[in-house]
Each structure stands twice: as C-alpha cells, then as structure tokens.
Amino acid sequence: MKENTIAKQLSIATEKLKAAGIENARLDAEVLLAYVLNTRRLALYVHVAKVLEEEQITRYHNLIKRRLERIPVAYLTGHKEFMGLNFAVTPDVLIPRPDTEVLAQGVIEHLHEFNRENLKIADLGVGSGAICISILKFVENVTAEAVDISQKAIEIAQFNAQKFNVDDRINFYAGNLFEPLEGKIFDVIVSNPPYVTTEDFENLQPEIETEPKLALDGGADGLNFYRKIIETAPKFLADDGFLAMEIGFNQSHSVQKLLKENGNFNYIQVWKDLAGIERVIAAWKN
Ligand code: GLN
C-alpha cells in the first residue's frame, strides 16, 4: 500500500494515537483527516485510495502530533457538535459534552408546557453557549440572558449566537452568576456549573487539563456553585418557573438535599443520561 493514501495515513495515525493510550484513536484520526481535507468523515471511506498532497500530509502530521500532546480534537478543529449544531470552541471554553444534551433537551421539552408567549431563560456560566443557544434554536418564543465570569467565553458564545441566528434573542453579561441579572424574573434558569471536586481534579484525563479550570473546579466537595445558585435562584424565578442544573455522577443526593433545605422548591425531577447516570436536577418553585 502506498504511504500517502488516505487509507495508509489513517492507519499510521491510528496506531500512533493508540500507542499513546488515546481512547478513540481511529475516530480521532478520521476526524482530524476530514478536517485537513475539509470534508465529512464518512467521505474518507469513499476515497480510501486517494493520494494526499505533501502539504496535506504535513498539516495532518502536525495535528496528530498535537493530539499526542493530549490536546482535545475539538480544540484542534475549533468545533464541537452539540444538539446537531456545530459550535465553535477554543480553549477559553469547556468543550460541550454529549451528556449535557440531556439538560438542553429536557429544558426544551418542559418549555413547551408553559402556557404563555415570550418565555425568559437565564444561563449561568454560558461558556460556548451550547446549552442556551440550542434551546433558543429549538424553541422560538424564548429569549435568554446569558452570564459568564469569563469575557473570552462570552466572545465565543456571541460568535455562536450569530452563527446560529439567535443573537437578536440573547443578551450577554460578564459577571458572577446572578449579579448582572438583578431585578429580572425567569421562567427557567439553566446551568452547567463547575462541579469537579478539588481531589478529582488531580486524577482527570490529561485532556481536561487543557480546558479552563474556571469551568470545572467546584471546590473541595464540588458543590460550591450549587450552594450559591440554589440560595439565590428563588428570587429570580417566576412562580411556576424551574431551575435545571447538570450535576456530577455522584452529586444527585447532595444537590437534592440542598434544594430541600432551601425550602423554596416544591417539586424535584432527576433526568438521567444515556448511561443511566443521574445527570440533571430540575426543581420547580411550585
Ligand atoms: N462533565 C465535565 C467533566 O467531568 C465537568 C463539567 C463541569 O464541571 N460542569 O469532565
């Protein structure tokens, strides 16, 4: 087999990634080659015997080298798909995870239950905008206020809001949680706050070290942001409104306890991810 065909280059790259202990080696090799060739991943299979140009091979090798340094594929290509939408991402934002679609999807379903026009949502820690923007994209009568402590994250989210044509229905604020939203009332408050415990942070996959710590670090017990959000949310929620938050794999009990202790939430639902893990807690004021 010729060294510079698509098939050969893919298999060489896959072996290198595998040898370095990278989990989805073949998938990563394909996504990166499709990126270099500006084509769809599956299109590679139609052209396996195609001979690549020197310049394409050089660019591909450079990307594989950076992937071997444990830079996530999404940061290398600058994109990550979420809810069927291709979001722009940089190392200034957390890469949207498939599990987080449970949060976006659940909120979308429950938004249809409100019996009024012009619904308002808040997204605390908007990051790339994946959650909030996909909600706006799939539900028309909604406007959003999105907050992030990182100005750079807001710039990415703004870019994505324009990309998906929802920028006229979303306002962005650089600030801390509810701080910039004083006086506003929301039908739904969503958040995927930082929830990784300080201890777990030490044992994460090397890729996660390339993501913003600001978006991951939930303090000693991982619950810092749930405490703050739950304490303040009732003041910002409509009487029939709800709060929906992503949680870590073992935080369901603790977060439900915080909600019950708060006393302002009368009904709680837990939404599971595809692996059956309790991934989202939704809590209604009434
Ligand atoms: N799901 C992320 C992880 O464990 C954490 C996201 C978060 O802290 N909100 O990698």
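Structure report, in brief.

Conventions used here
Residues numbered from 1 in each chain as written. Predicted model: local features only at pLDDT ≥ 70, side-chain atom pairs only at ≥ 80, totals over all residues. Heavy atoms only, no water. Pairing = 2+ DSSP bridges. Helix = DSSP H or I, 4+ residues; strand = E, 2+ residues; numbered from the N terminus. Axes fitted to C-alpha atoms, helices over the stretch in contact; angles between N-to-C directions. Contact = heavy atoms within 4.5 Å. Near = heavy atom within 4 Å. Polar contact = N/O pair within 3.5 Å; in protein donor to acceptor, adjacent residues only side chain to side chain. Areas by Shrake-Rupley, 256 points an atom, 1.4 Å probe, with all protein chains shown as cover. Buried < 20%, exposed > 50% of the residue type's maximum accessible area, 1.4 Å probe, protein only. Lys, Arg positive; Asp, Glu negative; His and termini not counted. Salt bridge = Lys/Arg side-chain N within 4 Å of Asp/Glu carboxyl O. Left-handed = near helix turned anticlockwise from the far one by under 90°. Nonpolar A, V, L, I, M, F, W, Y, C, P; charged D, E, K, R; others polar. Patch = residues over 30% accessible without salt bridge, like charges linked within 9 Å, V, L, I, M, F, W, Y side chains within 5 Å.

Reading across from one edge, 5-4-3-6-7-9-8 is the order of the seven strands in this open sheet, with mixed pairing throughout. Among the strands making up the open sheet, the edge pair consists of strand 5 (170–174) and strand 8 (267–272). Ignoring strand direction, the axes of neighbouring strands in this sheet form an average angle of 15 degrees. Relative to strand 5, strand 4 (residues 142–148) runs parallel, the two being bridged by five bridges. Counted as the bridge partner of Ala144 is Ile170 from strand 5. Helix 10 (residues 224–236) rests against strand 3 (119–124), strand 6 (186–191) and strand 7 (237–246) of the sheet, and its axis sits at about 160 degrees to strand 7. Contacts between helix 11 (residues 252–262) and the sheet are confined to strand 7, strand 8 and strand 9 (278–284), with strand 9 contributing the most and set at about 10 degrees to the helix.

The subject of this paragraph is the site of the ligand. Every residue close to the ligand is listed here: Leu94, Arg97, Asn192, Pro193, Pro194, Tyr195, Val196, Ile208, Ala215, Leu216 and Glu246. Here Arg97 contributes a side-chain N or O atom positioned 3.0 Å from an oxygen atom of the ligand. In the model, a nitrogen atom of the ligand is placed 3.0 Å from a nitrogen or oxygen of the Tyr195 side chain. Here the ligand, which alone exposes 300 Å², has 85% of that area covered by the protein.

Right, let's talk about the environment of Pro72 for a bit. Relative to the elements of secondary structure, Pro72 occurs in the loop between helix 4 (54–68) and helix 5 (73–77). The sequence separation of Pro72 and Ile208 amounts to 136 residues, and the corresponding C-alpha distance is 8.2 Å. Contacts of Pro72, omitting those with residues within four sequence positions, involve Arg67, Ile95, Glu207 and Thr210.

A word on unusual backbone geometry. The phi dihedral of Arg70 falls on the positive side, at around 75 degrees, and the residue is not glycine. The topology assignment puts Arg70 in the loop between helix 4 and helix 5. Its identity is not glycine, yet Met83 carries a phi of approximately 55 degrees, on the positive side. Checked against the element boundaries, Met83 lands in the loop between strand 1 (79–82) and strand 2 (85–88).

Let's shift gears to the side chain of Arg169. Structurally, Arg169 can be placed in the loop between helix 8 (151–163) and strand 5. Look at Arg169: it is buried, it has no salt bridge, and the nearest opposite charge is Asp168 at 4.7 Å. Residues contacting Arg169, with those up to four places away along its chain left out, are Leu136, Lys137, Val139, Glu140, Val142, Thr143 and Ala144.

On to the packing of helix 6 (residues 101–111) against helix 7 (residues 130–138), then. As a packed pair, helix 6 and helix 7 sit with axes 9 Å apart at the nearest point and diverge in direction by 35 degrees. Here the hand of the crossing between helix 6 and helix 7 comes out right-handed. Residues Leu103, Ala104, Val107, Ile108 and Leu111 of helix 6 form the contact with helix 7, whose own contacting residues are Ile131, Ser134, Ile135 and Phe138. Residue composition of the contact of helix 6 with helix 7, by class: eight nonpolar, one polar and no charged.

A separate point is a nonpolar patch on the surface. Together, Leu42, Tyr45 and Val48 make up a nonpolar patch on the protein surface, roughly 290 Å² of accessible area in all. Within the element layout of this structure, Val48 appears in the loop between helix 3 (43–46) and helix 4.

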